[in-house]
Amino acid sequence: GFVVALVFLVGWRWRGNRKRNAYRKAGLLLLGEVSSSHDVAVVLKRVALAVFPREQVASLYGDSWVAFLHRTCPRSYFSAMATSDANDEPDDELVGLVGTWFRYHRVPEAQAVATVT
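Within every chain, residues take consecutive numbers counted from 1 along the sequence as written. Where totals are concerned, whole chains, interfaces and linings use all residues; where local detail is concerned, this predicted model gives features only for residues with pLDDT of at least 70, and gives and counts side-chain atom pairs only at 80 or more. Processing note: side-chain calculations cover all non-hydrogen atoms of the structure and skip hydrogens and water entirely.

## Some details on the packing of aromatic side chains
The test is simple: Only rings of Phe, Tyr and Trp enter the pairing, Trp through its six-membered ring, and a pair is recorded when the two centres are within 6.5 Å. The plane angle decides the type: under 30 degrees is stacked, over 60 is edge-to-face, the rest tilted. A run of H or I in DSSP becomes a helix once it reaches four residues, and a run of E becomes a strand once it reaches two; helices and strands are each numbered from the N terminus. Only protein chains enter the area calculation, which uses a 1.4 Å probe; residues under 20% of their type maximum are buried, those over 50% are exposed, and those in between are partly exposed. Charge over a ring is defined by NZ of Lys or CZ of Arg lying within 6 Å of the ring centre and within 35 degrees of the ring normal.
In this structure the tally under the stated criterion is four aromatic pairs. Relative to F68, the ring of F52 has its centre 5.0 Å away and its plane inclined at 80 degrees; by these criteria the two rings are edge-to-face. Of the two residues, F52 sits in the loop between α3 (37–51) and α4 (54–57) while F68 sits in helix α5 (residues 62–72), which places them 16 residues apart along the sequence. An identical accessibility class is assigned to F52 and F68; each is buried. Taking the relative accessible area as the measure of exposure, F52 reaches 4% and is therefore buried. Pairwise contacts between aromatic rings join F52, W65, F68, W101 and F102 into one cluster. A cation over an aromatic ring shows up here: K45 above the ring of W65, its NZ or CZ 4.2 Å from the ring centre. One residue, R75, lies across the ring of Y104, its end atom 3.9 Å from the ring centre.

Now the structure itself:
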């Protein structure tokens with residue numbers, strides 16, 4: 001009985017973690033389909049909006065947007081976003097930075113995560 005309950009509990013937690021992090025996987029898939037630096041920025045904003053409150057993220061741009069990205073994921077440094085032309089093909093550095101943010105940003109506690117579509 002104890003082993004069955006333990007297996008059930010582990011499976012339930014694994015499923016919950018997988019469901020809570022599905023937006024990260026969706027963001028990474030979308031990131032693989034981008035064709036311009038603008039597309040990278042759009043995917044990044046969409047993922048951020050899926051996790052953080054719209055009021056907190058939607059109006060951010062420029063330095064305040066970069067500061068938000070640093071605050072939520074200190075592992076990456078987004079200076080490359082400021083120098084990218086929107087129509088340019090995305091460089092590997094920018095895509096790598098955004099991928100790092102998708103994987104390692106900190107999600108606010110007790111917050112529901114929306115689906116990225």
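## What to know about the confidence of the model for the protein
Let me state the cut-off plainly: By definition, pLDDT measures how confident the predictor is in each residue, and it falls between 0 and 100.
Overall, the prediction assigns the protein a mean pLDDT of 81, with 84% of residues at 70 or greater. The least confident element of the protein, judged by mean pLDDT, is helix α6 (residues 79–83) at 58; the most confident is α4 at 91.

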